[in-house]
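Architecture at a glance
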Amino acid sequence: MKAVSGDLTPLTRRTFIGVGAVTLASTALGLPRPERRLLQMNAYAPDAETPLDLLTTYITPNDLFFVRHHWNAAAPDARTWKLTVDGEVALPLELSLADLKRFPRTTVTCVLQCAGNGRSLYTPPVPGVQWRYGAVGNARWTGAKVRDLLAKAGVKGTAKHLHTAGTDDPPSKTPPFHRSLEIEKALEDAIVAWEMNGEPLPPLHGAPARLVVPGWAGDHWMKWLAKLSLEPDPEKGFYMDVGYRYPAKPGEPGVTFKSEEMRPVTDLFVKSNITGAPARARVGSPATIRGVAFSGAPDIAKVELTDDDGKSWKAADLGREHDPYAWRLWSLSWMPKSPGKVRLAARATDSRGSVQPREAVWNQSGYLWNGWHSAEVEVTA
Ligand SMILES: Nc1nc2c(c(=O)[nH]1)N[C@H]1C(S)=C(S)[C@@H](COP(=O)(O)O)O[C@H]1N2
Ligand SMILES: [Mo]
């Protein structure tokens, strides 16, 4: 894993390293400057995650937002791009970007997390991109509601699944990346977004438009969206029948299941991360611990911190900014009680009552890791 630089395409280079801004506050305080960079996981196709110590803001800036591609993108030309809406509809549509923008405009602020975020933390190890903590971000997405597009096309009673496809350019003999999701979720709150944090959707994030599926894992968030098709049955193929499946009933670590014993990955699991904790602290001097928490449920109910391996917990203060399926910043003033190495761990509880577990459930594809996140502090007298 190394910081992104060097031989990327001009497009990628501009997006990854075009920003030299450094926070004024840290410079004024004489603290080490946080380096604005992504951590590269893969070169072809480009995969890069955000370092945890930069995931400290409610909105993750576009240039720091993690990037995940199955194949190199064939970013469509926005002037000629068309979105097809077809299948089990009364009137198939072909929408240009201008057509799309004539639908009522809506903005949602929510978390995008790759299903594989945290894969490297599983034991025994699982093959795949070895994401640590930063294949996640929180952004403001603006676009048209899928519900409005489908209403215009006229949904037939036989329509049960929304099939989605992008304009990816996979190498020959490799399966295309495609997905489908239940029509209920698509109608509930999915959007086709052309803006990210008030800017045109960047090419790396799916320009000219992508799917946004609040609360659901990133694999459903089709980039360079070309097609929405309503069908009676789920999509078939590698990325539905083999990839992106999670055991219906958890097994022991290392136990693999057949595809039929698994179901597609949908909503995210409750999770919190510690994004700021001092390396050293003094007995009796409070230290501020910060982090983020999110879930596939619309809200976070609480975040707690332990300094005694889960025997006792202290509730953190939740940040004021908050939207359904967005993350919640949290902070807590922690009082070190005795000298030595102390392991702090955070756990979140969501609005449906799910509690972040000490250990994530091992699964053969390494999805949805959500174990307690810990940080070590050296406490001196
Ligand atoms: N067309 C297309 N869409 C895609 C992908 C892809 O490879 N091709 N990857 C998906 C996965 S697995 C994730 S996690 C998210 C990542 O979105 P980001 O790169 O904007 O962070 O995009 C999703 N949409
Ligand atoms: Mo992903």
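Please refer to the structure placed before this passage.
Residues numbered from 1 in each chain as written. Chains lettered and ligands numbered in written order. Predicted model: local features only at pLDDT ≥ 70, side-chain atom pairs only at ≥ 80, totals over all residues. Heavy atoms only, no water.

**So, the overall build of the protein chain**
Of the regular secondary structure elements, the protein chain holds six helices and 25 strands. Taking 21 Å as the expected radius of gyration for a compact globule of 381 residues, we find that the protein chain reaches 21 Å, a close match to that expectation. For the protein chain, with 381 residues in total, the buried portion stands at 50%. Considering only contacts in the protein chain between residues 6 or more positions apart, those separated by 24 or more positions represent 71%. Here the protein chain holds 46 positive side-chain charges and 41 negative ones, and the gap between their average locations is 4 Å. (Helix = DSSP H or I, 4+ residues; strand = E, 2+ residues; numbered from the N terminus. Rg over C-alpha atoms; globule rule 2.2 N^0.38 Å. Buried < 20%, exposed > 50% of the residue type's maximum accessible area, 1.4 Å probe, protein only. Contact = heavy atoms within 4.5 Å. Lys, Arg positive; Asp, Glu negative; His and termini not counted. Charge placed at Lys NZ, Arg CZ, Asp CG, Glu CD.)

**What to know about the pairing of strand 9 (residues 161-166)**
Relative to strand 10 (residues 178-182), strand 9 runs antiparallel, the two being bridged by five bridges. Of the residues in strand 10, the one forming a bridge with Leu162 is Leu181. Note: strand 9 against strand 14 (residues 225-231), six bridges, orientation antiparallel. Note that in strand 14 the partner of Leu162 across the bridge is Leu230. (Pairing = 2+ DSSP bridges.)

**With respect to the nonpolar core**
One finds Leu83, Leu100, Trp141 and Val192 to be the most contacted residues of the largest nonpolar core, which totals 75 residues. Per element, the largest residue contribution to this core is five residues, and it comes from strand 11 (residues 191-196). Counting residues in hydrophobic clusters, the runner-up holds 20 residues, among them Val270, Ile289, Ala293 and Val377. (Core = buried A, V, L, I, M, F, W, Y, C linked by side-chain atoms within 4.5 Å.)

**A word on the packing of aromatic side chains**
Summed over the entire model, instances satisfying the criterion amount to 13 aromatic pairs. Ring centres of Phe65 and Trp141 lie 5.9 Å apart, and the angle between their planes is 85 degrees; this geometry places the pair in the edge-to-face category. You can see Phe65 sitting in the loop between strand 3 (47-49) and strand 4 (67-68) and its partner Trp141 sitting in strand 8 (residues 136-145), a full 76 residues away along the chain. An identical accessibility class is assigned to Phe65 and Trp141; each is buried. The interplanar angle of 85 degrees and the centroid separation of 5.3 Å between the aromatic rings of Tyr246 and Phe269 together place this pair among those described as edge-to-face. Of this pair, Tyr246 sits in strand 15 (residues 245-247) while Phe269 sits in the loop between strand 16 (262-264) and strand 17 (271-276), and the two are 23 residues apart along the sequence. The exposure class of Phe269 is partly exposed, given its relative accessible area of 22%. The rings of Phe65, Phe66, Trp131, Trp141 and Trp221 are connected pair by pair, giving a single aromatic cluster. Above the plane of the ring of Tyr325 lies Lys185, whose end atom (NZ or CZ) is 5.0 Å from the centre. When the ring centre of Trp313 is taken as origin, the NZ or CZ atom of Arg347, which lies over that ring, is 3.9 Å away. (Phe/Tyr/Trp six-rings, centres within 6.5 Å; stacked < 30°, edge-to-face > 60°. Lys NZ or Arg CZ within 6 Å of the ring centre and 35° of its normal.)

**Concerning the sheet that holds strand 20 (residues 300-306)**
Strand pairs in the sheet, formed through backbone hydrogen bonds, run parallel or antiparallel to each other. In spatial order, the strands read 18-25-24-20-21; together these five strands make up an open sheet with mixed pairing. In this open sheet, the two edge strands, each paired with only one partner strand, are strand 18 (280-282) and strand 21 (314-315). Relative to strand 25 (residues 373-380), strand 24 (residues 340-350) runs antiparallel, the two sharing seven bridges. Residue pairing in the sheet places Lys341 in a bridge with Glu378 of strand 25.

**Examining helix 4 (residues 146-153)**
For the α-helix, the turn length of 3.6 residues means that residues three or four positions removed from each other point alike. Of the residues making up helix 4, those classed as buried are Val146, Leu149, Leu150 and Ala153. Projected onto a plane normal to the axis of helix 4, the buried residues spread over an arc of 95 degrees and lie on a single side. Away from its buried face by more than 90 degrees, helix 4 exposes Ala151 and Lys152. Gly154 sits one or two positions beyond helix 4 and adopts a positive phi of about 85 degrees. (Arc of directions from axis to C-beta.)

**So, the site of ligand 1**
Every one of the 20 residues lining ligand 1 counts as a neighbour, but Phe66, His70, Asp168, His205 and Lys223 are closest to it. Within the side chain of Asp168, an N or O atom sits 2.6 Å from a nitrogen atom of ligand 1. Take His205: an N or O atom from its side chain is 2.6 Å from an oxygen atom of ligand 1. Considering ligand 1 on its own, with 530 Å² of exposed area, one finds that the protein chains cover 100% of that surface. Looking at the shell around ligand 1 residue by residue, the class counts come to eleven nonpolar, four polar and five charged. (Near = heavy atom within 4 Å. Polar contact = N/O pair within 3.5 Å; in protein donor to acceptor, adjacent residues only side chain to side chain. Areas by Shrake-Rupley, 256 points an atom, 1.4 Å probe, with all protein chains shown as cover. Nonpolar A, V, L, I, M, F, W, Y, C, P; charged D, E, K, R; others polar.)

Taken by themselves, the reported measurements are silent on function.
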